[in-house]
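Chain by chain, the residues:
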Amino acid sequence: MIKFLPLRASRIALLPLLTLAACSSEPEAADLPYGTVQQMMANEVQPTTDIYWGAVRFESRLEPDGSVVEEEFEPRTDADWAKLVEAARKLQGFARDLQSEGYAKGRGDDWPVFANALEEVSKKAEQAALDQDPDAVFEVGGTVYNVCSACHQMYPPAQLEAATGDARST
Ligand code: HEC
């Protein structure tokens, strides 16, 4: 019996190490339906949000004669509005996925709070699109931007400027 003790002791000592290693390993692909957070942001979240942000916008154009023309864009047809509703719903889905185990793993307690804020604001975005209310779409679009930025401030993307600064100025 005695001679097994060192072995058992070392196995016990090893266990916490193994558990730690398991915790810090990359989450399974199945937990990350859109790849890493970076991939999900670049390939899904940003393009979907761009659809919403681009729907109601103002553009100034310099005419050849030197005059400035202000142009306002907003959805016109039911199909246009339906695209916005769809984008807002997709964003809710991404926000829920961000709260999932796979994406929340290793992040702070504030992560699900930020992700949940995105889900809530996306619901408002959906409602504004269902109401076909351009002013509300524009306003809630601004709030969406603030929610994105809040999370990026705590979890800064490599190119923070490219991520959010440009998106709003177009
Ligand atoms: C819950 C936190 C969180 C929220 C909310 C969030 N992001 Fe991100 N985002 C991140 C993190 C973390 C990264 C950095 C990923 C990395 O570089 O590993 C990132 C990176 C990005 C990037 C850079 C991707 C690249 O190519 O490197 C873009 C673009 C982006 N987010 C767009 C958005 C938009 C638009 C929203 C709002 C609709 C948003 N994000 C909301 C956490 C968040």
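Residues numbered from 1 in each chain as written. Predicted model: local features only at pLDDT ≥ 70, side-chain atom pairs only at ≥ 80, totals over all residues. Heavy atoms only, no water.

S.K.: Could you clarify how one ought to interpret the coordination of the iron atom of the ligand in this entry?
M.R.: For a metal with four tetrahedral donors the ideal donor-metal-donor angle is 109.5 degrees, while six octahedral donors give ideal angles of 90 or 180 degrees. The coordination sphere of the iron atom of the ligand contains the protein donors Met41 (SD) and His152 (NE2), at a distance range of 2.0 to 2.3 Å. Around the iron atom of the ligand sit six donor atoms, and with donor-metal-donor angles ranging over 83 to 179° the site reads as octahedral. One end of the pair, Met41, is in helix H2 (residues 37-55); the other, His152, is in helix H6 (residues 134-154), and 111 residues separate them in sequence. Using a relative accessible area of 14% as the deciding quantity, one classes His152 as buried. (Donors = N, O, S within 2.8 Å, 3.2 Å for Na, K, Ca; no water. Tetrahedral: all angles 85-135°; square planar, octahedral: opposite > 155°, others 65-115°. Helix = DSSP H or I, 4+ residues; strand = E, 2+ residues; numbered from the N terminus. Buried < 20%, exposed > 50% of the residue type's maximum accessible area, 1.4 Å probe, protein only.)

S.K.: Honestly, the site of the ligand in this entry has me stumped. Any pointers?
M.R.: Lining the immediate surroundings of the ligand are 20 residues, of which Gln38, Met41, Cys148, Cys151 and His152 lie closest. Gln38 places a side-chain nitrogen or oxygen 3.0 Å from an oxygen atom of the ligand. In this structure, His152 approaches the ligand through a side-chain N or O atom, which is 2.8 Å from a nitrogen atom. Breaking the shell around the ligand down by element, the ones donating at least two residues are H2, helix H5 (110-130) and H6. (Near = heavy atom within 4 Å. Polar contact = N/O pair within 3.5 Å; in protein donor to acceptor, adjacent residues only side chain to side chain.)

Note that every value here comes from positions in space, so none of it alone points to a role or purpose.
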